[in-house]
Amino acid sequence: MDTFVQQIINGLVLGSMYALVALGYTMVYGIISLINFAHGEVLMVGAMVSWTVASAFQSAGIMWPGWVILLISMVAAIVICSLLNYSIEKIAYRPLRNAPRLAPLITAMGMSLLLQTLAMIIWKPNPKPYPQLIPADVYFLWEDGPVITLTQVLILVVTGVVLSLLLWLVNKTKLGRAMRATAENPRVAGLMGVRPDHIISATFIIGAALAAIAGIMWAANYGTLQHSMGFMPGLKAFTAAVFGGIGNLTGAMVGGVLLGLIEAIGAGYLGDLTGGVFGSHYVEIFAFLVLILVLTLRPSGLMGERVADRA
């Protein structure tokens, strides 16, 4: 039971990060039916910018509380990632908006490789330790039972707050109504006074902010980062978006959490179930098994794609 509960905790933390990135995929797809495969690299840039800011504080000998430095680095990461994603949309995707579907897909993959290469040049290819900005406190759920760290608690809390704010933004605000209208029919939305180009740019900016937060969470939780760190989380978050129903906000959240739980529970029991033939390092296969099963049995995902809500 201790092992099972521990893996549930690990799965919820992992799934929370997947959910934040999956929302970026599903929002962009809901608006312009594009899979932005460079989204994982935006996560990486957010983590790198946060590391740069935090390291600069340490190098300058500024002994502010860790949570203050983390907050400042998060704001810097969100700003940089928002500008980056805005530029990507305007330069790489907007000219191809009416092109055949294959062209923007290839462009997105090329942009992903370009961002990885630029990050390798700017921050060098060697892995970097992320500063310990949050106290390494460990809490036992019961005596000698499963544990949860303060970092993991903050990840769950921040994810819950961010997801609640996003749902409020999409469902209750003027911008959210414009996003839903643009997702349903950009031309009609334009006739009603909505500027589709502005709404699409806003969607990319919001997705970038979510990816930046997820990147910082990822680096803080695992304690290391490098230029290629965004590829696998981005790929799995895309799987989570398809799993839940790409184009559906709630589906992306549910898909991310479920995928995290599947991976964590699989990592905890895969060795026992296979008699030691496969260890926890084979856990990566679960994401792709889920993708194959979903695409085979239910291509629309668990929650389907609701056109009116897919912004």
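What you see is a predicted model; the values in this text were computed from it and never measured.

## Some details on the nonpolar core
No. 1: In this structure, Leu 20, Leu 23, Tyr 93, Tyr 130, Leu 166, Leu 210 and Leu 225 are the most contacted members of the largest nonpolar core, which totals 86 residues.
No. 2: What Leu 20 contacts, discounting residues up to four positions off in sequence, is Thr 159, Val 162, Leu 163, Leu 210, Ile 213, Ala 214 and Met 217.

## Details of the packing of helix H2 (residues 39-59) against helix H8 (residues 196-222)
No. 1: Running from N to C, H2 and H8 point in directions that differ by 60°, and their axes come no closer than 7 Å. Here H2 lies oblique to H8, going by the angle between them. Taken as a pair, H2 and H8 cross one another with a handedness that is right-handed. In contact with His 39, Val 42, Leu 43, Gly 46, Ala 47 and Ser 50 of H2, H8 contributes Gly 207, Ala 208, Ala 211, Ala 212, Ala 214, Gly 215, Ile 216 and Ala 219.

## A short note on the environment of Leu 23
No. 1: As for its placement among the helices and strands, Leu 23 is situated in helix H1 (residues 2-32).
No. 2: For Leu 23, a relative accessible area of 0% puts it in the buried group.
No. 3: Considering only alpha carbons, one finds Leu 23 and Met 74, 51 residues apart in sequence, at a separation of 18 Å.
No. 4: Ignoring anything within four residues of it in the chain, the contact list for Leu 23 reads Leu 163, Leu 166, Leu 210, Leu 249, Ala 252 and Met 253.

So, how was this worked out
- Per-chain numbering applies: the sequence of each chain, read as written, is numbered from 1 onward.
- Two thresholds apply to this predicted model, a pLDDT of at least 70 for residue-level local features and 80 or more for giving and counting side-chain atom pairs, whereas whole-chain, interface and lining totals are computed over all residues.
- Working from all heavy atoms in the structure, the side-chain values ignore hydrogens and water.
- Within this scheme, the nonpolar core is defined by two criteria: the residues are buried Ala, Val, Leu, Ile, Met, Phe, Trp, Tyr or Cys, and they are joined through side-chain atoms within 4.5 Å.
- Throughout this description, buried means an accessible area under 20% of the type-specific maximum (1.4 Å probe, protein chains only), exposed means over 50%, and partly exposed covers the range between.
- The contact rule is simple, with two residues in contact once any of their heavy atoms fall within 4.5 Å.
- The axes used here are C-alpha line fits, helices contributing only the stretch in contact, and every angle between their N-to-C directions lies in the interval 0 to 180 degrees.
- Going along the chain from the N terminus, every DSSP run of H or I of four or more residues is numbered as a helix, and every run of E of two or more is numbered as a strand.
- Any angle from 65 to 115 degrees is called roughly perpendicular, while one under 35 is roughly parallel, one over 145 is roughly antiparallel, and all others are oblique.
- By definition, any crossing whose near helix is turned counterclockwise from its far helix by less than a right angle is left-handed, and any crossing with a clockwise turn is right-handed.

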